[in-house]
Amino acid sequence: MKKTILALSIIGLFFISCKEDKSKKTETKEAVEVAKTIVNDTYKVTSSTLTWKGYKPSGTHNGTFDLKEGELKFDGDNLIGGKFTFDMASIKVLDIEDAKYNADLTGHLASPDFFDAAQFPTGTFEITKVTKEEVTSKIEGNLTLKGITKNITFPASIIVQKDGTTTFLSNAIKIDRTDFGIKYKSKKFFDNLKDKFVNDIFDITFEVKVKK
């Protein structure tokens, strides 16, 4: 099938609960050079939202980023590459109804304490390797936040639909935010935070639709 939709899940961004399971942390390595490939088919993103869900000792928050552009590359039915660029200034908080509190948190997340959207207006994820396995595929790619690029690996399912689209679904990807220079209230860098700390592990998730 040639026409495709991609949905990449990367859930929850900046906090994880104090009882986080660090054994499930996504492996983070130095950035990998993207190999040049001969591509039979390239599919552009038609719509997408990058969602996040965060955890802290007193509760959780969730919201979205907008995707600016992106594409997936296929050799026949096999996914072999792709890149997504998302708008960091578009961050939204969905779980706070009070307008002032919502604006306060949204502004803080966009500030230098977290994603510094003014200085780093975009983030990217670029696939560097796809390994097909029995049920899922292993996706490796370079994630860039705040100008820092790290290579991450996670499993994903690729589901071909009857209408000629394809859905790509990942598990939650758990990343150490301090690897990307997000140190705000991290116990690695600050003492005497008590219960006012922010956990270092975060999850991220995309939903991306593409067509030829």
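Before reading further, recall that the structure is shown in the block above.
Right, let's walk through the structure included here. The structure presented is a predicted model; accordingly, all values stated were derived computationally and were not measured.

Criteria and cut-off values
Residues numbered from 1 in each chain as written. Predicted model: local features only at pLDDT ≥ 70, side-chain atom pairs only at ≥ 80, totals over all residues. Heavy atoms only, no water. Helix = DSSP H or I, 4+ residues; strand = E, 2+ residues; numbered from the N terminus. Buried < 20%, exposed > 50% of the residue type's maximum accessible area, 1.4 Å probe, protein only. Contact = heavy atoms within 4.5 Å. Areas by Shrake-Rupley, 256 points an atom, 1.4 Å probe, with all protein chains shown as cover. Core = buried A, V, L, I, M, F, W, Y, C linked by side-chain atoms within 4.5 Å. Polar contact = N/O pair within 3.5 Å; in protein donor to acceptor, adjacent residues only side chain to side chain.

Regarding the overall build of the protein
Part 1 of the reasoning: Across its full length, the protein holds 1 helix and 10 strands.
Part 2 of the reasoning: Out of the 212 residues belonging to the protein, those deemed buried represent 46%.
Part 3 of the reasoning: Counted over contacts in the protein with a minimum sequence separation of 6, partners at least 24 positions apart contribute 67%.
Part 4 of the reasoning: Carbon and sulfur atoms form 49% of the exposed surface of the protein, whose accessible area is close to 11000 Å².

Quick word on the nonpolar core
Part 1 of the reasoning: Formed by 37 residues in total, the largest nonpolar core has its most connected members in Phe86, Phe125, Ile139, Leu143, Phe154, Ile175 and Phe206.
Part 2 of the reasoning: In terms of residues, this core owes the most to one element, strand 4 (residues 78-93), which gives 6 residues.

Some details on the environment of Tyr43
Part 1 of the reasoning: Mapping Tyr43 onto the fold places it in strand 2 (residues 41-56).
Part 2 of the reasoning: A relative accessible area of 0% places Tyr43 in the buried class.

Let's talk about the environment of Lys174
Part 1 of the reasoning: Mapping Lys174 onto the fold places it in strand 9 (residues 173-176).
Part 2 of the reasoning: Under the relative-accessibility criterion, Lys174 is labelled buried at 18%.
Part 3 of the reasoning: Of the polar contacts made by the side chain of Lys174, one reaches the side chain of Asp203; its length is 3.1 Å.

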